[in-house]
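Chains, contacts and geometry: an overview
Here is how the chains run, residue by residue.
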Amino acid sequence: CEPEFIGANYKTCSNDSLFHAQWNLKNTGQYNPVCTGIDINYCNAQSITSGDENVVIAVFDWGVDLEHPDLNIYPLSYDAHTATSPSRIYDAHGTASAGIIGAVGNNNIGVAGIAPACPIMSISMSNFTPEENISDAFIFAADNGCSVISCSWNRGEESTIINNGISYALTNGRNGLGC
């Protein structure tokens, strides 16, 4: 006699060691059986596209590990706090966010990202970065080839200064097409 492991086996489209935990990419009910299938349909999406090397995605966060073996890092980065290059790491959140966006999939390393062909530009800031520097970082991203700017943070109160930087990126990024 042997136990019946219902749901223990499922087809996957990635051999990355932590892919099974990425419920947002392929939800097999691994954390909540009621939510099975509520995901971004990663496997089917990858059969359509894995991104484009000409689409640079800025991850504007607390810094991305520029030497991470699972990320396609753009050669230019920026630290908003000091207004210098390269970017710095203030917290691990930026690297994790970059992984969801662009970790190379099916390479037996860590996680899989939704758009691994897209280079990741790291733009870092700290909890104490002045609003003017944050605004300038949006301008930096727009002026240096970013198509998309990902921000997984908020400042609490709305800021005209930061909104001006965002408006610049929306208007002037991608040679006038907007980020």
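Here the structure is shown first, and the text comes after it.
These remarks concern the structure in this document. Just so it is clear, the model here is predicted, and its values are computed rather than measured.

Turning next to the overall build of the protein. A count of helical and extended segments in the protein gives 4 helices and 4 strands. Principal-axis analysis of the C-alpha atoms gives the protein an extent of 70 × 30 × 30 Å. Burial statistics for the protein: of 179 residues in total, 36% are counted as buried. By sequence separation, contacts in the protein at least 24 residues apart represent 68% of the contacts at least 6 residues apart. Taken as a whole, the protein presents about 9,900 Å² of accessible surface, with 53% of it coming from carbon and sulfur.

This structure, assessed with the given rule, holds 5 aromatic pairs. Judged by centre distance (4.3 Å) and plane angle (15°), the rings of Tyr78 and Phe140 are stacked. On the criterion of sequence distance, the pair formed by Tyr78 in strand β2 (residues 78-79) and Phe140 in helix α3 (residues 131-143) is long-range, its members being 62 residues apart. Phe140 shares its class with Tyr78; the two are buried. Seen from their ring centres, Phe138 and Trp153 are 6.5 Å apart, and the 45° between their planes marks the pair as tilted. Taken together, the positions of Phe138 in helix α3 and Trp153 in the loop between β4 (146-151) and α4 (160-176) put the pair 15 residues apart, joining distant regions of the chain. Of the two residues examined, Phe138 and Trp153, each falls in the buried class. Here the aromatic cluster, defined as three or more aromatic residues joined through ring pairs, consists of Phe60, Phe138 and Trp153.

Strand order in this open sheet of 4 strands is β2-β3-β1-β4, and the pairing throughout is parallel. Of all the strands in the sheet, the pair left with one neighbour each is β2 and β4. Bridging between β2 and strand β3 (residues 120-124) involves 2 bridges; their strand directions are parallel. From the neighbouring strand, Tyr78 faces β3, where its bridge partner is Ile123.

Each value, and the rule that gives it
- Residues numbered from 1 in each chain as written.
- Predicted model: local features only at pLDDT ≥ 70, side-chain atom pairs only at ≥ 80, totals over all residues.
- Heavy atoms only, no water.
- Helix = DSSP H or I, 4+ residues; strand = E, 2+ residues; numbered from the N terminus.
- Buried < 20%, exposed > 50% of the residue type's maximum accessible area, 1.4 Å probe, protein only.
- Contact = heavy atoms within 4.5 Å.
- Areas by Shrake-Rupley, 256 points an atom, 1.4 Å probe, with all protein chains shown as cover.
- Phe/Tyr/Trp six-rings, centres within 6.5 Å; stacked < 30°, edge-to-face > 60°.
- Pairing = 2+ DSSP bridges.

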